[in-house]
Amino acid sequence: MPFPIVLGHEAAGVVESVGEGVTCVKPGDKVIPLFVPQCGKCTSCRSTKGNLCSEHDLSEARGLMLDGTSRFTCKGKSLHNFISTSTFTEYTVVHENAVVKIDAAAPLEKVCLIGCGFSTGYGAAVQTAKVEPGSTCAVFGLGGVGLSAVMGCKAAGASQIIGVDINKDKFPKAKEMGATECVNPLDFKKPINEVLFDLTDGEGVDYSFEVIGRVDTMTAALASCHSNYGTSVIVGVPPSTSTIAVDPMLLFTGRTWKGSVFGGWKSKRLCPRLVSDFLGKKFILDPLITHTLPFEKINEGF
């Protein structure tokens with residue numbers, strides 16, 4: 001990412017004003033900014049299988065609006081925009097393809113999680129992997145996004161959901177959200193993929209999710225799923241300079257290895273629906289919120 005930059009990508013807010021020609025929102029609307037835009041015209045937007053709109057600024061980041069400008073300045077100097085959103089600020093400017101109106105009754109301090117964390121983990125299970133009833137799952141990493149993946153596996157009807165984390169303090173909440181059991185790789189002498197095979201009668205899980213962003217856990221998650229029809233989904237953002245060396249036999253036998261950005265959802269279509277589902281009590285967000293801090297304590301939050 002180019003610096004200096006206004007970071008932040010998961011938020012909810014209220015429209016203060018709109019530019020010329022903007023029709024999708026009006027002042028006073030409650031909205032969620034979208035770090036994965038939806039233009040509706042590119043091949044990914046038009047495909048039933050895609051969601052990574054060509055207007056995104058994730059991979060070869062310019063740190064600018066679509067028109068090549070930044071709308072932020074500090075002490076007369078230009079600041080870069082962060083992945084179409086820049087939300088660590090009281091006011092931001094977004095393109096109309098990167099914002100969506102939500103229900104006026106939505107509590108912004110909770111539905112902000114639908115702007116990334118919840119939708120990403122939950123969607124990885126129900127949209128990207130399409131977990132089926134009765135299947136077995138393993139979730140590597142039990143932070144907010146990992147817990148959301150656990151919730152997605154449970155909502156999809158998985159019969160066994162194994163949480164994997166080196167911090168056992170996360171296990172009670174994971175079980176509260178739907179994990180049937182949790183394992184700490186540090187408690188075993190053998191590799192975690194062998195542990196997961198033992199826990200699934202030697203078969204491996206049907207679906208595994210890497211929700212950390214480390215290449216070693218990505219390969220471990222792949223090796224943990226069924227050798228023929230298992231699917232492993234990369235949800236955690238990998239370090240920018242990393243590469244993976246993997247035994248091709250892991251894939252030759254039939255496994256599927258795939259990535260998931262924003263849970264595979266088309267953002268403009270999905271966010272309002274998830275907000276409505278939350279208001280309809282189809283899922284809960286409160287357990288994902290451990291602290292609420294004022295803006296000036298943002299570094300303490302991190």
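The name given to the protein in an unreviewed UniProt entry is alcohol dehydrogenase, and the organism recorded there is Podarcis muralis. As recorded by UniProt, the Subcellular location (unreviewed entry) comment attached to the protein reads in full: "Cytoplasm". Under the heading Cofactor (unreviewed entry), UniProt records this for the protein: "Zn(2+)".

1. Details of unusual backbone geometry
Cis geometry marks the peptide bond from Phe 3 to Pro 4, where omega comes out at -5°. Looking at where Pro 4 falls in the secondary structure, it is placed in the segment before strand S1 (5-6). Notably, Lys 75 is not glycine yet its phi reads approximately 55°, a positive angle. Of note, the phi angle at Lys 130 is positive, near 55°, even though the residue is not glycine. Among the secondary structure elements, Lys 130 is positioned in the loop between helix H3 (117-129) and strand S7 (136-140).

2. Observations regarding the nonpolar core
Counting 52 residues, the largest nonpolar core has Ile 114, Phe 118, Val 131, Cys 153 and Phe 209 as its most contacted members. Going through the elements one at a time, H3, S7, helix H4 (144-155), helix H5 (171-177), strand S10 (207-210) and helix H9 (267-279) are the ones with two or more residues in this core. When residues of this core are assigned to domains, at least three map to each of domain 1 (13-116 + 265-301) and domain 2 (117-263). Leaving out residues up to four positions away in the same chain, Val 131 has contacts with Ala 125, Cys 137, Cys 153, Ala 156, Ala 158, Tyr 207 and Phe 209. Counting residues in each nonpolar core, the second largest holds 12 residues, with Ile 162, Val 195, Ala 220 and Cys 225 among its members.

Scoring rules and cut-offs
- Residues numbered from 1 in each chain as written.
- Predicted model: local features only at pLDDT ≥ 70, side-chain atom pairs only at ≥ 80, totals over all residues.
- Heavy atoms only, no water.
- UniProt positions renumbered as here; feature names shortened; annotations may be inferred.
- Helix = DSSP H or I, 4+ residues; strand = E, 2+ residues; numbered from the N terminus.
- Core = buried A, V, L, I, M, F, W, Y, C linked by side-chain atoms within 4.5 Å.
- Buried < 20%, exposed > 50% of the residue type's maximum accessible area, 1.4 Å probe, protein only.
- Domains from an automatic or database assignment.
- Contact = heavy atoms within 4.5 Å.

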